[in-house]
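Residue-level structural notes
One letter stands for each residue in the lines below.
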Amino acid sequence: MFTNLNTDPNKRPRLFGELGDLSHTKISSSEFRYSKGTEIFGQAEPADYIYQVIEGAVRSHKLLSDGRRQIGAFHLPGDIFGLENGDFHRFTAEAIVDTSARLTKRQSLERVAKTDPAMVLILLAMTTDNLQHVENHLFLLGRKSARERVATFLLEMNGRLTSAGVIALPMNRRDIADYLGLTIETVSRALSVFQQKGYLKASGVFQRQIIVLDPAGLAEPGR
């Protein structure tokens, strides 16, 4: 389920990051909270909004013809997602954990872009970021071994999620496997090897609290 958090019609949600560079009076936006597992939008649905994660985490995925799931991206606090170059969403987006997100009307952004060059630059920057992520993900899936994929993922999360030296992963191993194009067993084996080599330490429920002890070891080709 989801809940609209805008109880005060006179209160505009605070935008941050790239969208926060604009005057808030020009942008129509709302804040919603989604329970764990809730679909935020579906593949092929109209792309009427652009989203920004405030708290929690979101996964974007497609179901392949053979029934497998391919996760294209994990969206963490501050990340913008749902920006399409067409009229419909190409992926389904779901809340991995209880998540709050800010929704901005696409028409509102496009309307401002007609008269505000800053908006054009911001939309271009967001589009470029999305393309860079797609390119990096394709390289990860196509050119790296299983262990290299897991190591690259951990290093990415170490840069995006680490607080007080600990990576608190919101996603489970199935999510990681579906993002990396691997099986759960392969991901688990890689994590075990990295622990045995002293590259990292995992603890907590389902081993989702990870401390990277040797980033250079994880980054080393072949490992």
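Remember, predicted model here, so these are calculated numbers, not experimental data.

1. Digging into the sheet that holds strand 10 (residues 162-163)
- Read across the open sheet, the four strands follow the order 10-11-13-12; overall the sheet is antiparallel. Each edge of the open sheet carries a strand with a single partner, namely strand 10 and strand 12 (200-203).
- Pairing between strand 10 and strand 11 (residues 166-168): two bridges, direction antiparallel. Looking across to strand 11, one finds that S163 is bridged to V166.
- Contacting strand 10, strand 11, strand 12 and strand 13 (209-212), helix 3 (residues 146-161) crosses the sheet at an angle of about 95 degrees to strand 11.

2. A short note on the packing of helix 3 against helix 4 (residues 173-180)
- Interhelical geometry of helix 3 versus helix 4 gives an angle of 115 degrees and a closest axis separation of 10 Å. Between helix 3 and helix 4, the crossing angle belongs to the class labelled roughly perpendicular. For the crossing formed where helix 3 meets helix 4, the hand is right-handed. On the side of helix 3, the interface is formed by R149, V150, F153 and E156, while helix 4 contributes I176, Y179 and L180.
- Across the contact of helix 3 with helix 4, the residue classes tally to five nonpolar, no polar and two charged.

3. Focus on the packing of aromatic side chains
- Across all of its chains, the model carries eight aromatic pairs by this definition.
- Seen in terms of ring centroids, Y51 and F81 are 5.2 Å apart; in terms of plane orientation they differ by 20 degrees. Their pairing is stacked. Residue Y51 is found in strand 4 (residues 49-55), and its partner F81 is found in strand 7 (residues 80-81); the two are separated by 30 residues along the sequence.
- Residue classification places Y51 among the buried positions, given a relative accessible area of 6%.
- When its relative accessible area of 2% is taken as the criterion, F81 is described as buried.
- The interplanar angle of 40 degrees and the centroid separation of 6.0 Å between the aromatic rings of F194 and Y199 together place this pair among those described as tilted.
- When its relative accessible area of 10% is taken as the criterion, Y199 is described as buried.

4. Examining the confidence of the model for the protein chain
- Of the residues in the protein chain, 88% have a pLDDT of 70 or more, and the chain-wide mean is 86.
- In this model, residues 7-16 is a region of pLDDT below 50 whose contacts with residues beyond four sequence positions or in other chains number 20 contacts.

5. Observations regarding the nonpolar core
- Counting residues in hydrophobic clusters, the biggest one holds 30 residues, and the most contacted among them are V150, F153, L154, L169 and F194.
- Those elements that place two or more of their residues in this core are strand 6 (69-75), helix 3, helix 4, helix 5 (184-196), strand 12 and strand 13.
- With six residues, helix 3 is the single largest residue contributor to this core.
- Ignoring sequence-local partners within four residues, the contact set of L169 consists of F153, M157, L161, I176, R208 and I210.
- Formed by twelve residues, the second largest nonpolar core is a distinct cluster that contains F32, Y51, F81 and A95.

6. Regarding the pairing of strand 12
- Burial along strand 12 is one-sided: L200 and A202 are buried, while K201 and S203, pointing the other way, are not.
- Across four bridges, strand 12 lies against strand 13 in antiparallel orientation. Residue L200 lies in a different strand from strand 13, and its bridge partner there is V212.

7. Digging into the sheet that holds strand 6
- The strand order across the open sheet formed by four strands is 3-8-5-6, and the pairing between neighbours is antiparallel. Two strands lie at the open edges of the sheet, namely strand 3 (39-41) and strand 6, each paired on one side alone. On average, each strand axis in the sheet is inclined to that of its neighbour by 35 degrees, with strand direction left out of account.
- Relative to strand 6, helix 4 is tilted by about 105 degrees, and along the sheet it contacts strand 5 (58-63) and strand 6.

8. Let's talk about helix 2 (residues 117-143)
- For helix 2, with 27 residues, the first-to-last C-alpha span of 39 Å sits near the 39 Å given by 1.5 Å per residue.
- Burial in helix 2 covers these residues: M119, I122, L123, M126, H137 and L140.
- Elements in contact with the buried residues of helix 2: strand 6, strand 7, helix 1 (106-113), helix 3 and helix 4.

9. So, the pattern of salt bridges
- Tallied over the full model, the rule gives eleven salt bridges.
- For R59, the salt bridge is made with D175, and the minimal N-O distance between the two is 3.1 Å. Here R59 is found in strand 5, whereas its partner D175 is found in helix 4, with 116 residues between them in sequence. Here R59 and D175 have matching classes, each one buried.
- Here D79 makes a salt bridge to R160, at a shortest N to O gap of 2.4 Å.

Definitions and cut-offs
- Residues numbered from 1 in each chain as written.
- Predicted model: local features only at pLDDT ≥ 70, side-chain atom pairs only at ≥ 80, totals over all residues.
- Heavy atoms only, no water.
- Pairing = 2+ DSSP bridges.
- Helix = DSSP H or I, 4+ residues; strand = E, 2+ residues; numbered from the N terminus.
- Contact = heavy atoms within 4.5 Å.
- Axes fitted to C-alpha atoms, helices over the stretch in contact; angles between N-to-C directions.
- Parallel < 35°, antiparallel > 145°, perpendicular 65-115°, else oblique.
- Left-handed = near helix turned anticlockwise from the far one by under 90°.
- Nonpolar A, V, L, I, M, F, W, Y, C, P; charged D, E, K, R; others polar.
- Phe/Tyr/Trp six-rings, centres within 6.5 Å; stacked < 30°, edge-to-face > 60°.
- Buried < 20%, exposed > 50% of the residue type's maximum accessible area, 1.4 Å probe, protein only.
- pLDDT = per-residue confidence, 0-100.
- Core = buried A, V, L, I, M, F, W, Y, C linked by side-chain atoms within 4.5 Å.
- Expected span 1.5 Å × (residues − 1).
- Salt bridge = Lys/Arg side-chain N within 4 Å of Asp/Glu carboxyl O.

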